[in-house]
Amino acid sequence: MSDARWAMGGDLPVGRIGYGAMKLTGWPRGDRPDRDTALAVLRRAVELGVNHIDTSNYYARDGVAANELIRAALHPYPDDLVLVTKVGALVEGPDIGLAPSEQRGLTPDGLRRGVEANLRSLGVDRIDVVNLRMGDRGHTDASVAEPLETLLALRDEGLIRHLGVSNVSAEQVAEARTIAPIACVQNMYNVAARDDDPLVDACAEAGIAYVPFFPVGGFRPVTAERMDAIAARHDATVPQVALAWLLARSPNILPIPGTGSLAHLAENVAAGGLRLTDAELASLA
Ligand SMILES: NC(=O)c1ccc[n+]([C@@H]2O[C@H](COP(=O)([O-])OP(=O)(O)OC[C@H]3O[C@@H](n4cnc5c(N)ncnc54)[C@H](OP(=O)(O)O)[C@@H]3O)[C@@H](O)[C@H]2O)c1
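What you are looking at is a predicted structure, and each value in this text was computed from that prediction instead of being measured.

(A) Structural view of the side chain of D54. As for its position among the elements, D54 is in strand β4 (residues 52–54). Reaching out from D54, the side chain makes a polar contact with the side chain of Q186 at a distance of 2.8 Å. Not counting residues within four places of it along the chain, the set of residues in contact with D54 comprises Y19, G20, A21, Y59, V84, K86, N131, Q186 and I256.

(B) The arrangement of the sheet that holds β4 in detail. Spatially, β3-β4-β7-β8-β9-β10-β11 is the arrangement adopted by the 7 strands of the open sheet, whose pairing is parallel. Because the sheet does not close on itself, it has two edges, and the strands there are β3 (19–20) and β11 (209–213). Two strands pair when backbone bridges link them, and strand β9 (residues 160–166) and strand β10 (residues 182–188) are joined in this way by 4 bridges, in the parallel orientation. Following the sheet pairing, G164 is matched in β10 by C184. In this fold helix α4 (residues 145–156) packs onto β7 (82–88), β8 (127–133), β9 and β10, with an angle of close to 165 degrees to the strand it touches most, β9.

(C) Broad picture of the side chain of T25. One can find T25 in the loop between β3 and α1 (35–47). There is a polar contact of 2.8 Å between the side chain of T25 and the backbone oxygen of M22. Leave out the neighbours within four places in its chain, and T25 touches R32, Y59, A60, R61, V64, A65 and A66.

(D) Main features of the nonpolar core. If you look at the biggest cluster of nonpolar residues, it comprises 75 residues, and the most contacted ones within it are V115, L151 and V185. Top contributing element to this core by residue count: helix α8 (residues 238–249), with 8 residues. Counting residues in hydrophobic clusters, the runner-up holds 13 residues, among them M8, C184, A209 and I256.

(E) Here's a closer look at unusual backbone geometry. Residue W27 is joined to P28 through a cis peptide bond whose omega torsion reads -5 degrees. Locating P28 in the fold gives a position in the loop between β3 and α1. A cis geometry characterises the amide bond from H75 onward to P76, with omega recorded as 0 degrees. For P76, the location among the structural elements is in the loop between α2 (66–74) and β7. Here the phi dihedral of F214 falls at roughly 60 degrees; this positive angle occurs in a residue that is not glycine. With respect to the helices, strands and loops of the structure, F214 is situated in the loop between β11 and α7 (225–233). Residue F214 is classed as partly exposed on the basis of its relative accessible area, which comes to 21%.

(F) Spatial organisation of the site of the ligand. Close contacts around the ligand come from 26 residues, with D54, G218, T259, H264 and N268 the closest. Taking G217, its main chain carries an N or O atom lying 3.1 Å from an oxygen atom of the ligand. At 2.8 Å, a side-chain N or O of N268 approaches a nitrogen atom of the ligand. Contact with the protein chains covers 88% of the free accessible surface of the ligand, which is 890 Å². Top contributing element to the shell around the ligand by residue count: helix α9 (residues 262–270), with 3 residues. The residue makeup of the shell around the ligand, split by class, is 10 nonpolar, 11 polar and 5 charged.

Reading the values: the criteria
Residues numbered from 1 in each chain as written. Predicted model: local features only at pLDDT ≥ 70, side-chain atom pairs only at ≥ 80, totals over all residues. Heavy atoms only, no water. Helix = DSSP H or I, 4+ residues; strand = E, 2+ residues; numbered from the N terminus. Polar contact = N/O pair within 3.5 Å; in protein donor to acceptor, adjacent residues only side chain to side chain. Contact = heavy atoms within 4.5 Å. Pairing = 2+ DSSP bridges. Axes fitted to C-alpha atoms, helices over the stretch in contact; angles between N-to-C directions. Core = buried A, V, L, I, M, F, W, Y, C linked by side-chain atoms within 4.5 Å. Buried < 20%, exposed > 50% of the residue type's maximum accessible area, 1.4 Å probe, protein only. Near = heavy atom within 4 Å. Areas by Shrake-Rupley, 256 points an atom, 1.4 Å probe, with all protein chains shown as cover. Nonpolar A, V, L, I, M, F, W, Y, C, P; charged D, E, K, R; others polar.

Next comes the structure, spelled out in structure tokens:
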């Protein structure tokens, strides 16, 4: 892990490489580690210096819930640990183990219940960062005003420290910034999915963290011949190159790779120290 830090919301310093807890639950599909491994991964992440963990109360399948695992592994939390959750719109479907219906959606009641559910399951009085999660399939152009005002009121009640937005367009980010200070934007982005290039730069200019989900490709990890060659040159793996590329792309990018593997976790954290050459970065541009 490199020593570089980003001050989330201006006052929560986090390392550049964080951790996403979704994979620990197998939500919405795919395999997951057994409980002991999941707890070990979370504890090892913190031991390795990770202090930014992304979660949600709807990361849950068959009774295995990310927030419960985080609490079991790490509570009482280290002082510098930054927990980031999300509430709002959700992908729905018959195979998806969703949080109870009253704890989701963009209505004032759904958002409040979602925040309260996260407070309870994480065992905290205040959540460091809550992302308002908007569109489910790509960006939609719905206004963020009403749901963000609801979260702002919850922040003013002391239940939330900072607000972020997720699955949003540049226009929605601009609108959000007229309503509340925005600590972070969480969207899909990686070396092979670059639609958000202009938004990454706009966030950097505004001092807003850009947190790419699927940083190593999500359900389909990125592969490319030119990345194989770069990885071989550094005695690294392609996911490590993908993470190193993100770190080099802009100082406000804070990847949250998810893994249920202790070995992959160690690799992902080590990618924080991997420096690609200018020529390598140019070849991936
Ligand atoms: N806001 C949103 O709408 C949204 C959507 C999706 C995700 N997220 C958040 O973003 C986080 C990251 O996304 P993600 O976990 O889906 O995608 P990801 O980090 O790009 O990829 C995770 C997948 O890559 C594998 N992997 C991770 N590190 C690896 C390595 N070093 N070598 C080989 N394989 C590796 C993992 O399998 P192994 O377990 O085998 O390592 C897992 O299958 C999630 O955990 C979640 O917190 C947010």
